[in-house]
Amino acid sequence: MRFLILALACIALTGCTITNQRLGAETDIGKPPPNSKVLLVRPDVSLALLTASGMQEAKADWSKAGREDLTTEVKVALETKAHVFEAFDPDAVQDPHAVQLLRLHDAVGQSIMAFNYGLIKLPTKTGSFDWTLGEGAEAIGHDRHADYALFVTTHGTYASAGRKALMMGAALLGASIPLGSQQVFASLVDLKTGRIVWFNVAVAGPGADMRTQAGAKSLVESLLKGAPL
Amino acid sequence: MNRLTASRRLAAALLVGCTALTGAANAQTTPNLRAPHLKPDLTTAEGGIWDQSDKAESHVRASAELDSDPVLTAYVGGVVCRVAPEYCGDLRTYVLDRPVFNAAAAPNGYVEVNSGLLLRVRDEDELAFVLGHEVSHFARNHTFARFQAQKNTANAMMVLTAGITIAAAGAAYSTARAGGPYAGQNINTISSTARSLNDLVYLSSIASLFSFSREEETEADQLGFQRAQHAGYRPGASVDLWNGELDEARASDFPKVRTSEVRASIFDTHPVTSDRIAALTAMGAGVVPAAASPATTADAARRYRAVVRPHLGDWLKDDLRRRDYGQTLFLIDRLAGEGEDLGLLSFYRGETYRHRRAPGDDALALASYRAATVQPDAPAAAWRELGQACHKAGDQACAKDAFSRYIEHDPKAQDRWLVEADLKSMQQAGGS
């Protein structure tokens, strides 16, 4: 019985520590002026089931639910702000230049993850948070005359029941088996200058299951807490 | 096929469930095929694989590698429909400018065909066999079968090790790290999320959708052969294609490629062994007339060349990026063997020698450029490169003549000013 209590405490503990928000350094650009137009790029969500043996099984329904819930909650969270928000579907973009800019944003986001959050440091990027898509980024929302674009990307897994049981069994024996986890990345791009003015990474906590409306709400609140919007 | 016995039906049904465990399919068995217009439920594992495939497809749609020629794409898509009329509405074909022999059909109907494949097949018949092969993976839903097999293997491994106390934890963890199609995406810490978002990891998870077992490759060979034959293509084309691939492997600069019969491609789970060729030869022999007359074959090659001609130069240029000059020269020789496009092909032969820079290659490049310029289809660049080669060899008269001819052929060339500057400095040097 003591072991079981210990194991449960262990689960609870890992559950808590997963919530770990990190804020990217804000730049000297500051907040967008009131009434700026912000494009809410449809979130890129990939969720999978983590099976007992550790395989990941992509779950299209979870990804869809997560995408819809996050889209709704981001919109709700920003409604009180003094900006104009507009939903933006990256797959509907036809202009090849804009398409390449969206790809560039993916690449820059990966670099930020690697060099600002990862173990590698770039000798040329030791001081301020200084990343940009370069001039001409306004082509992303060219026909909409937007000032900013907000991107949200999520990759994550949820453990199956079997995986959780295995984790408990292993915990009793003193070994640890990772359960599923979900990371959310957000970035705000100033389309006039191309600069990424804000970047954030959140690891979803136990109460922030984005497959549910309530969970998505909690997740988005943490994610956008420090956003300069 | 109406004489299919009950036991064979059973065998075929079993094959669906445990493809990875059974041996090669009986050559005469018609296995279960997926129904056209299939669309799995979102909540299923298959729905998850479709979702992944959809993402790969939209990734490709925005890719700079996507070939922009609608005529070529429509042509390749047309061949796909000829070998798979029942799935014609389900399959979306994309030509990608990648210099690698490869094609694939994802479970959601996304079909990618590399330009490196189109450069290597000699006629539509060979192309039809490859596309029939890929469509057969699609029709038999091999990606999903593979996923199930991997899942079963992972589960079996876990059950085996679960009894060995702590080892179970280690094994399951290492399975997560090393196995399974999405294992690369396993992420537990913020620092490792950097990897999870990495494009390479993403692509490798997509590539895993296209990795099949030997049995599945053999089956796709058989079914692809049947499809191409049914659509009226030459039965011998499959054997010709694989023989051509073996010949090209032997022409490689790299000893490892030359000695290995396995090609690093979509077929890498299955070596292009003589066994496979023998099996296809046997199939061809069963449906005589296996051998088409040489005139018919040459005719088919000419028709195919007419389709790909506008892209030939770009594809050869791309092929040089692989830096396997032995193979590029082999390809050029084979293409030239058909007696067409000799100016363009000679020019790229020269380019290959120029890039290779082995002893004696300067002279070979010069001779190739010279041979190119006497052909009516020589690209203007052949004169410029001939000029450079002559200049390098110290033959100033030849260089001056070639540079002047380059400007004559392409008066609007972007590098005209450079060539004119070269000409001028040569005239001054000659005058002093």
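Cut-offs applied
Position numbers for residues start from 1 in each chain and track the written sequence from start to end. Chains and ligands are labelled sequentially in the order written, the chains with letters from A and the ligands with numbers from 1. Where totals are concerned, whole chains, interfaces and linings use all residues; where local detail is concerned, this predicted model gives features only for residues with pLDDT of at least 70, and gives and counts side-chain atom pairs only at 80 or more. Only hydrogens and water are removed before side-chain values are computed, so all heavy atoms of the structure are retained for them. Here a strand is any run of E in DSSP of at least two residues, a helix any run of H or I of at least four, and the numbering for each starts at the N terminus. Helix span is expected to be 1.5 Å times the residue number reduced by one. Working definition: with a 1.4 Å probe on protein chains only, accessible area under 20% of the residue-type maximum means buried, over 50% means exposed, and in between means partly exposed. For this analysis, residues touch if any pair of their heavy atoms sits within 4.5 Å. N or O atoms closer than or at 3.5 Å make up a polar contact, with two conditions inside protein: a donor-capable atom paired with an acceptor-capable one, and, for residues adjacent in sequence, both atoms drawn from side chains. Between 30 and 60 degrees the pair is tilted, below 30 it is stacked and above 60 it is edge-to-face, where a pair is any two Phe, Tyr or Trp rings, Trp via its six-membered ring, whose centres lie within 6.5 Å. For a ring to carry a charge above it, either NZ of a lysine or CZ of an arginine must fall within 6 Å of the ring centroid while also lying within 35 degrees of the normal to the ring plane. The split of the chain into domains comes from an automatic or database domain assignment. Buried area counts how much accessible surface, traced with a 1.4 Å probe, disappears from two parts once they are put together, with both parts' losses summed. The salt bridge criterion pairs a side-chain nitrogen of Lys or Arg with a carboxyl oxygen of Asp or Glu, the two atoms within 4 Å. pLDDT measures how confident the predictor is about each residue, on a scale from 0 to 100. A pair of strands is labelled paired if DSSP reports no fewer than 2 bridges between them. Fitted lines through C-alpha atoms give the axes, limited to the stretch in contact for helices. The angle between two N-to-C directions lies from 0 to 180 degrees. Comment on the angle field: the value is read as roughly parallel under 35 degrees, roughly antiparallel over 145, roughly perpendicular from 65 to 115, and oblique elsewhere.

Below, the discussion takes up helix α3 (residues 70-83) of chain B. All names here are of chain B. The first and last C-alpha atoms of α3 sit 20 Å apart over 14 residues, in line with the 20 Å expected at 1.5 Å per residue. Restricting attention to buried positions, one finds in α3 the residues L72, Y75, V76, G77, V79, V80 and V83. Buried positions along α3 lie against β1 (92-96), β3 (110-114), α4 (115-120), α5 (124-139), α10 (214-230) and α14 (294-320). Capping the start of α3 is the job of one residue whose side-chain oxygen sits 2.9 Å from the backbone nitrogen of V71: D69.

A separate point is the packing of aromatic side chains. Counted by the stated rule, this structure contains 9 aromatic pairs over all chains. With a centroid separation of 5.4 Å and 45 degrees between ring planes, the pair formed by Y94(B) and Y110(B) is classed as tilted. Highlighted residues: Y94(B) in strand β1 and Y110(B) in strand β3, separated in sequence by 16 residues. Feature note: the residues F101(B), F129(B) and W242(B) constitute an aromatic cluster, connected by ring pairs. Over the ring of W62(A) we find K59(A), and its NZ or CZ is 5.3 Å from the ring centre. Against the face of F138(B) rests R34(B), its NZ or CZ located 3.7 Å from the ring centre.

Looking now at the domain arrangement of chain B. Residue and element names in this part refer to chain B. Segmentation of chain B into domains returns domain 1 (1-28 + 48-232) and domain 2 (300-430). Counting residues at the interface gives 16 residues for domain 1 and 16 residues for domain 2. Buried surface at the junction of domain 1 and domain 2, both sides included, amounts to about 1500 Å², of which 63% is carbon and sulfur. Three residues stand out in domain 1 for area buried against domain 2, namely P99, L119 and R122, and they jointly supply 43% of the buried area on that side. Put simply, domain 1 and domain 2 have 1 salt bridge between them. The salt bridge involving R120 is made with D319; its shortest N-O contact spans 2.9 Å. Our enumeration of links across domain 1 and domain 2 arrives at 4 residue pairs in polar contact (both at pLDDT 80 or more).

In this section: the confidence of the model for chain A. A low pLDDT score tells you not to read the predicted coordinates there in detail. Summarising the model, chain A shows a mean pLDDT of 80, and 87% of its residues fall at 70 or more. Segment residues 1-24 of chain A is flagged for pLDDT under 50; beyond a separation of four residues in sequence, or across chains, it makes 39 contacts in the model.

Moving on, we get to the sheet that holds β1(B). Within a sheet, neighbouring strands are paired by backbone hydrogen bonds and run either parallel or antiparallel to one another. Residues and elements named next belong to chain B. Taken together, the 3 strands give an open sheet; going across it, the order is β1-β3-β2, and neighbouring strands pair in mixed fashion. A single partner strand is all that each edge strand has here, and the edge strands are β1 and β2 (103-105). Neighbouring strand axes in the sheet, compared pairwise and without regard to direction, differ in orientation by 15 degrees on average. The pairing of β2 with β3 spans 3 bridges and is antiparallel. Bridge pairing links A104 to E112 in β3. Along the sheet, helix α2 (residues 45-61) makes contact with β1 and β3, crossing β1 at roughly 45 degrees. Of the strands in this sheet, β2 and β3 are in contact with α5, which crosses β2 at around 30 degrees.

Another aspect to go through is the packing of α14(B) against helix α16 (residues 342-356) of chain B. Residue and element names in this part refer to chain B. The interhelical angle for the contact between α14 and α16, taken along N-to-C directions, is 10 degrees, at an axis separation of 10 Å. For the element pair α14 / α16, the angle class is roughly parallel. When α14 is examined against α16, the residues R305, L312, G313, L316, K317 and L320 are found in contact with a partner set consisting of L344, L345, Y348, E351, T352 and H355.

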